[in-house]
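# Residue-level structure breakdown
Here's the letter readout for the chains.
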Amino acid sequence: MSTPTRRLTVAQALVRFLSAQYTERDGVRHRLIAGTWGIFGHGNVAGVGQALLEAGEEAMPFHQGRNEQAMVHAAVGYARQLDRLSAQAVTTSIGPGATNLVTGAALATINRLPVLLLPGDYFASHAPDPLLQQLEHPTEADVSVNDTLRPVSRYFDRVTRPEALIPSALNAMRVLADPAETGAVTLALPQDVQAEAYDWPEEFFAERVWHVRRPAPDPYELTAAVAAIRAAERPLIVAGGGVHHSRAEEALKEFVDATGIPVASTQAGKGSLRHDHPADLGGIGHTGTAVSDDLARTADLVIGVGTRYTDFTTASGTLFQNPDVRFVNLNITAFDAHKLAARTLVCDARAGLTALTEALADHRVNSVYEAEYGVGKDRWDAVVDAAFTAADENAVPTQTQVLGALDAVVGDEDVVINAAGSLPGDLHKLWRARSPRQYHLEYGYSCMGYEIPAAIGVQHATPDTPVWALVGDGTYLMMPTEIVTAVQEGLPINLLLIQNHGYASIGGLSESVGGERFGTAYRYRAADGTFSGAPLPVDLAANAGSLGMAVLRAKTVRELREALATARTSDRPTCVYVETDTAGATAPPAEAWWDVPVAATASREAAVRAREEYDREVTARRPHL
């Protein structure tokens, strides 16, 4: 009996296969690959491009991008908004189109977010070598520029024969749908193979559902974790992005309500509890709140939930100072669970938190400890009020007052997106997250240029959601290109564009480490050759308008709040442009250290002083063994 087959090109077969892939968790199904972003060139136009055209929008929706890196950012924003249960693909030509994927791929993999990359590649037959944009390696003929994607991909394959697509495509879906393994997945597609016909088994195109598991904690690990929690007098939860990915927010709330253990959050985990929950202490680490960092220094048990403990979270190893501090890490990956010599709970966040709540049914922290962190929370709330509030409504706003104006306008359903510059620190300290998806900070890779395309991805994922991309002038100049995409597709994203004439965050860091803000201002060259002249006469608002956005300019706090309210109700992409008062009040200073090595020898006094301070701070670092 012969197996039924269908004759298609490799590209046509891949698109048809992708259109039949689904994820399922908790009984709810999602398209695994819900659409494809693309920019076409000779390496994919006749293969994947033709296949997408032939398949049609219903089988595989197509999104036209302007920059390959930005297309990956949009896909990542989409996947994050949908808790990694649905993803998008990105197709490019060979050469620079493919290498432009590398930054986006690194961002996706570092943040554990799924995206499928389909770059074109050289001819598998080598018939016309060297073709346009092909890298010729003198000793390894099978190397192409796409090999740059190997270290930033969770799975990589080059499909050099039609039949090789079947196992490769199945492995790609397995990794994308796996909550412990997910990240960027790359299938490099030689352009001659894309267009080659093959008789495919019909079974390859059958609907396939990938179950996204919720592994329960091991009984032995659970017993040990419960014992550690019962023995702790000053426990602290560090909530990371895994809480959101698992949709474990309600399970975390139930655990905290039952035990009284306070919660500090990483950038990825902020919003795990509402800001007004009595146990929510806000951000932790170098950009954390005073109450979170004070408790972290004295905690005898730190319970990490879905966090990978970056240097910002641990204050470069200086934050957790209690001599007796121990760690319990609940994480779906053993790699992260074992960090800081922790007791491990290798399991799904929601399943683990639910099991802990049941096992600790009669346990609660001391009421004195609850009162202590309650007082600290109230004090920090007053700090936020002061940072957000302007004494003069007709004055030029500071950056924190810009955030205060936005806070006054947004609803619980709004999503606020940021990634780089001085804003992540201000937001982590000050933003009052009102819902699990409102706070969308990409701080695993902190990639300038992420915000605008990510806003498009979030808007694709949840069309009726008000979305805000918060962008400084430095980030805007990196990648404003996808404004055109938002205009083309009628996506009413909101761009809050803040002009402060340079790299404010790195300028401040430079000053603190003896760099004297060298090379961080957007200014004319002065007579001494430095960039210390007058500010450049750029008009970023005019640029956004030229790309098709509606533009609202605000000069005062009052005008800003009015412009933000107008933008929120707009049915088209809208930019609110504001120049901030950089000499006015700024965000509260860092409550914990961050290790940026300072020159060990220098002739300039600023660097000498900075090194002296560095040598004092670094002595606080401790290993957790």
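All of the points below concern the structure found in this document. (Residues numbered from 1 in each chain as written. Predicted model: local features only at pLDDT ≥ 70, side-chain atom pairs only at ≥ 80, totals over all residues. Heavy atoms only, no water.)

## Considerations on the overall build of the protein chain
Secondary structure assignment for the protein chain yields 24 helices and 23 strands. For the protein chain, whose C-alpha radius of gyration is 25 Å, the value lies close to the compact-globule estimate of 25 Å for 625 residues. Over its C-alpha atoms, taken along the principal directions, the protein chain stretches across nearly 75 × 70 × 55 Å. When burial is assessed residue by residue, the protein chain has 57% of its 625 residues classed as buried. Counting contacts in the protein chain only where the partners sit at least 6 residues apart, residues at least 24 apart contribute 77% of the total. Put simply, the protein chain shows about 24600 Å² of open surface, and 53% of that area lies on carbon and sulfur atoms. Of the side chains in the protein chain, 52 bear a positive and 75 a negative charge, and the two mean positions are spaced by 2 Å. (Helix = DSSP H or I, 4+ residues; strand = E, 2+ residues; numbered from the N terminus. Rg over C-alpha atoms; globule rule 2.2 N^0.38 Å. Buried < 20%, exposed > 50% of the residue type's maximum accessible area, 1.4 Å probe, protein only. Contact = heavy atoms within 4.5 Å. Areas by Shrake-Rupley, 256 points an atom, 1.4 Å probe, with all protein chains shown as cover. Lys, Arg positive; Asp, Glu negative; His and termini not counted. Charge placed at Lys NZ, Arg CZ, Asp CG, Glu CD.)

## Remarks on the sheet that holds strand E23 (residues 574–579)
If you trace the six strands from one edge of the open sheet to the other, you get E19-E18-E20-E21-E23-E22, paired in parallel fashion. Only two strands of the sheet have a single partner each, and these edge strands are strand E19 (439–441) and strand E22 (550–554). Between one strand and the next, the sheet's axes are offset by a mean angle of 20 degrees, whatever the strand orientation. Looking at chain direction, strand E20 (residues 467–472) and strand E21 (residues 494–499) are connected through five bridges and run parallel. Within E21, the residue paired with alanine 469 across the bridge is leucine 495. Packing against the sheet, helix H16 (residues 399–409) makes contact with strand E18 (415–418), E20, E21 and E23, and its axis sits at approximately 160 degrees to E21. Set on the sheet, helix H17 (residues 423–430) makes contact with E18, E19, E20 and E21; between it and E19 the angle comes to about 150 degrees. (Pairing = 2+ DSSP bridges. Axes fitted to C-alpha atoms, helices over the stretch in contact; angles between N-to-C directions.)

## Some words on the sheet that holds strand E5 (residues 62–64)
Ordered in space as E5-E4-E6-E7-E9-E8, the six strands form an open sheet in which the pairing is parallel. The sheet is open, and its two borders are formed by E5 and strand E8 (155–158), each paired with just one other strand. Strand-to-strand, the axes of this sheet are offset by a mean angle of 20 degrees, without reference to chain direction. Relative to strand E6 (residues 87–92), strand E4 (residues 33–38) runs parallel, the two sharing four bridges. In the strand pairing of E6, glycine 38 is matched with threonine 91. Docked against the sheet, helix H5 (residues 101–110) engages E6, strand E7 (115–121) and strand E9 (184–190), running at close to 155 degrees with respect to E7.

## Here's the deal with the pattern of salt bridges
What the rule picks out here adds up to 36 salt bridges. Put simply, aspartate 348 and arginine 214 hold a salt bridge, and the shortest N to O gap is 3.1 Å. Pair noted here: aspartate 348 is in the loop between strand E17 (343–346) and helix H14 (349–359) and arginine 214 is in the loop between strand E11 (208–211) and helix H8 (219–231), with a separation of 134 residues, a long-range link. Note that glutamate 413 and arginine 568 form a salt bridge whose closest N and O atoms lie 3.0 Å from each other. Of this pair, glutamate 413 sits in the loop between H16 and E18 while arginine 568 sits in helix H23 (residues 557–568); the two residues are 155 residues apart in sequence, bridging distant segments of the chain. (Salt bridge = Lys/Arg side-chain N within 4 Å of Asp/Glu carboxyl O.)

## Notes on the packing of H16 against H17
If you want to describe how two helices pack, look at the angle between their axes and the distance between the axes. Between H16 and H17, the shortest axis-to-axis distance is 11 Å and the interhelical angle comes to 55 degrees. The angle between the axes of H16 and H17 places the two elements in the oblique class. Between H16 and H17 lies a crossing whose hand is right-handed. Residues Gln399, Thr400 and Leu403 of H16 lie in contact with H17, whose contacting residues are Leu423, Asp426, Leu427 and Leu430. (Parallel < 35°, antiparallel > 145°, perpendicular 65-115°, else oblique. Left-handed = near helix turned anticlockwise from the far one by under 90°.)

## What about helix H18 (residues 451–461)?
Of all eleven residues making up H18, eleven are buried, and the element is well covered by its neighbours. Of all the positions in H18, only Glu451, Ile452, Pro453, Ala454, Ala455, Ile456, Gly457, Val458, Gln459, His460 and Ala461 are classed as buried.

## Some remarks on the environment of tyrosine 445
Inspection of the secondary structure assignment puts tyrosine 445 in the loop between E19 and H18. When sequence neighbours within four positions are dropped, the list of residues in contact with tyrosine 445 reads Thr103, Ala106, Leu107, Ile110 and Asn111.

## Some words on unusual backbone geometry
Of the consecutive residues aspartate 129 and proline 130, the connecting peptide bond is found in the cis state with omega at -10 degrees. Relative to the helices and strands, proline 130 resides in the loop between E7 and E8. Phi is positive for serine 446, which is not a glycine, with a value near 45 degrees. Relative to the helices and strands, serine 446 resides in the loop between E19 and H18. Taking relative accessible area as the criterion, serine 446 reaches 28% and is therefore assigned partly exposed.

## Focus on the packing of aromatic side chains
Going through the model one piece at a time under the given rule, you end up with twelve aromatic pairs. The interplanar angle of 85 degrees and the centroid separation of 5.4 Å between the aromatic rings of phenylalanine 320 and phenylalanine 327 together place this pair among those described as edge-to-face. Counting every residue linked through ring pairs, the aromatic cluster contains Phe17, Tyr198, Trp200, Phe204 and Phe205. The positively charged end of lysine 270 is found above the aromatic ring belonging to tyrosine 439, 5.5 Å away from the centroid. (Phe/Tyr/Trp six-rings, centres within 6.5 Å; stacked < 30°, edge-to-face > 60°. Lys NZ or Arg CZ within 6 Å of the ring centre and 35° of its normal.)

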